[in-house]
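# Coordinates in review
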Amino acid sequence: MARRRARAPPFKACRKCKSLVPKEATRCPVCGSTDLSEDWEGVVIVIDVEKSLLAKKLGIERPGRYAVKVR
Ligand SMILES: [Zn+2]
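This structure is a prediction, so every number in the text was calculated from the model and none was measured. (Residues numbered from 1 in each chain as written. Predicted model: local features only at pLDDT ≥ 70, side-chain atom pairs only at ≥ 80, totals over all residues.)

### What about the environment of Trp40?
Positionally, Trp40 belongs in strand E4 (residues 40-46). Linking Trp40 and Ala67, residues 27 residues apart in sequence, is a C-alpha distance of 6.5 Å. With near-sequence residues (within four places) excluded, Trp40 lies in contact with Ala13, Ala67, Lys69, Val70 and Arg71. (Helix = DSSP H or I, 4+ residues; strand = E, 2+ residues; numbered from the N terminus. Contact = placed C-beta atoms within 7 Å.)

### Things to note about the sheet that holds strand E1 (residues 11-14)
Working definition: the strands of a sheet are paired by backbone hydrogen bonds and lie parallel or antiparallel to each other. Reading across from one edge, E2-E1-E3 is the order of the three strands in this open sheet, with antiparallel pairing throughout. Only two strands of the sheet have a single partner each, and these edge strands are strand E2 (20-22) and strand E3 (36-37). (Pairing = 2+ DSSP bridges.)

### Section: the nonpolar core
Judged by nonpolar contacts, Ala13, Cys14, Cys17, Leu20, Cys28, Leu36, Trp40, Tyr66, Ala67 and Val70 together constitute the single largest core of ten residues. Elements with a minimum of two residues in this core: E1 and strand E5 (64-70). In terms of residues, this core owes the most to one element, E5, which gives three residues. Look past the residues within four positions of Ala67 in its chain and what remains in contact with it is Ala13, Lys18, Leu20, Trp40, Glu41, Gly42 and Val43. (Core = buried A, V, L, I, M, F, W, Y, C linked by C-beta atoms within 7 Å. Buried ≥ 20, exposed ≤ 12 C-beta atoms within 10 Å, placed from the backbone.)

### So, unusual backbone geometry
As a rule of thumb, non-glycine residues mostly have phi less than zero, and peptide bonds are mostly trans rather than cis. In this structure, Lys18 takes a positive phi of about 70° despite not being glycine. Considering the arrangement of structural elements, one finds Lys18 in the loop between E1 and E2.

What follows is the structure, encoded as structure tokens:
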């Protein structure tokens, strides 16, 4: 996968469901968790969950923008 330039995008990642949420958010809009991390890597955009192998691998169940790795 191509890596973007090293500028931190304005997102945080949910440790529970890996969703990317706006940096100012305090709660994940997808699963309601407040366990958000600014230390994450890689973006995967899932449009069709059924057809995405990566979505299956990451356990993603609905379309959206996700982090590949959340620390
Ligand atoms: Zn979440």
